[in-house]
Amino acid sequence: MVNMTDELITFTTSKLANQAGFDVPCYNTFDVIDGRLYSNMNSVGGMVDTYNRPTQSLLQRWMREKYSLNVEATSRVNSQDGLIVYTWDIYWKGIPKELLNDDEPVFKTYELALEEALQEALRLIIKYK
């Protein structure tokens, strides 16, 4: 049996989420102390350099509910080798599609595609909110 867990966001995504106003308390955090990065499993914040570390799905839901911004990763078959690859899309009412994803990057896993999409969506929120 495969051990499955929800994917936690990366530190880069966590910093962007903080800049975008993500304020949902999380069990997992990143703590930056004296310039060193720590992943803390028991903190709920409080330190000046603490960043919430939600799951990808919680951050995705937060963007959907707070900003009506939809982020999704999708699969398709690579025409060159027949393997399944993943890409992403962002839909945000009022923002032209060409500003959201015009180069269609390809990833080996769903989670990598979703992480990249979350980062791009957060950059849009920071820029346009």
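Residues numbered from 1 in each chain as written. Predicted model: local features only at pLDDT ≥ 70, side-chain atom pairs only at ≥ 80, totals over all residues. Heavy atoms only, no water.

1. Some thoughts on the overall build of the protein chain
Then, number 1: Looking only at helices and strands, the protein chain has four helices and five strands in total.
Then, number 2: Listing the helices and strands of the protein chain from first to last along the sequence gives α-β-β-β-α-β-β-α-α.
Then, number 3: For the protein chain, with 129 residues in total, the buried portion stands at 39%.
Then, number 4: A separation of at least 24 residues holds for 55% of the contacts in the protein chain among residues at least 6 apart in sequence.
Then, number 5: For the protein chain, the exposed surface amounts to about 8,200 Å²; the carbon and sulfur share of it is 50%. (Helix = DSSP H or I, 4+ residues; strand = E, 2+ residues; numbered from the N terminus. Buried < 20%, exposed > 50% of the residue type's maximum accessible area, 1.4 Å probe, protein only. Contact = heavy atoms within 4.5 Å. Areas by Shrake-Rupley, 256 points an atom, 1.4 Å probe, with all protein chains shown as cover.)

2. Quick look at the side chain of Arg53
Then, number 1: The topology assignment puts Arg53 in the loop between strand 3 (50-52) and helix 2 (56-67).
Then, number 2: Of the polar contacts made by the side chain of Arg53, one reaches the backbone oxygen of Ile9; its length is 2.8 Å.
Then, number 3: Those residues within four positions of Arg53 in sequence are excluded, and the remaining contacts are Leu8, Ile9, Ser14, Cys26, Asn28, Thr29, Phe30 and Ser39. (Polar contact = N/O pair within 3.5 Å; in protein donor to acceptor, adjacent residues only side chain to side chain.)

3. Observations regarding the pattern of salt bridges
Then, number 1: A complete count under the given rule lists two salt bridges for this structure.
Then, number 2: Close ionic contact of Arg123 with Glu120 constitutes a salt bridge, the shortest N to O distance being 2.9 Å. Here Arg123 and its partner Glu120 are both found in helix 4 (residues 110-128), three residues apart, which amounts to about one turn of the helix.
Then, number 3: The class for Glu120 is partly exposed, based on a relative accessible area of 25%. (Salt bridge = Lys/Arg side-chain N within 4 Å of Asp/Glu carboxyl O.)

4. Some thoughts on the nonpolar core
Then, number 1: Formed by 26 residues in total, the largest nonpolar core has its most connected members in Leu59, Trp62, Met63, Leu69, Val71, Leu122 and Ile125.
Then, number 2: Among the secondary structure elements, those contributing two or more residues to this core are helix 1 (11-20), helix 2, strand 4 (69-77), strand 5 (84-92) and helix 4.
Then, number 3: For this core, the element with the most residues is helix 4, which contributes eight residues.
Then, number 4: The residues contacting Leu122, other than those within four sequence positions of it, are Thr13, Leu16, Ala17, Ala20, Leu59, Trp62 and Met63. (Core = buried A, V, L, I, M, F, W, Y, C linked by side-chain atoms within 4.5 Å.)

5. Topic: the environment of Tyr27
Then, number 1: Note that Tyr27 resides in the loop between helix 1 and strand 1 (29-33).
Then, number 2: Along the backbone, Tyr27 and Arg53 are 26 residues apart, and their C-alpha atoms lie at a distance of 7.7 Å.

6. A short note on the packing of helix 2 against helix 4
Between two packed helices, what matters for the description is the angle formed by their axes and the separation of those axes.
Then, number 1: Relative orientation of the contacting elements helix 2 and helix 4 amounts to 35°, with a least axis distance of 11 Å. Judged by the sense of rotation from one axis to the other, the crossing of helix 2 with helix 4 is left-handed. Contact with helix 2, carried on its side by Gln56, Leu59, Gln60, Trp62, Met63 and Tyr67, involves Glu111, Leu114, Glu115, Leu118, Ala121, Leu122 and Ile125 of helix 4 and no other residues of that element.
Then, number 2: For the contact of helix 2 with helix 4, a count of residues per class yields nine nonpolar, two polar and two charged. (Axes fitted to C-alpha atoms, helices over the stretch in contact; angles between N-to-C directions. Left-handed = near helix turned anticlockwise from the far one by under 90°. Nonpolar A, V, L, I, M, F, W, Y, C, P; charged D, E, K, R; others polar.)

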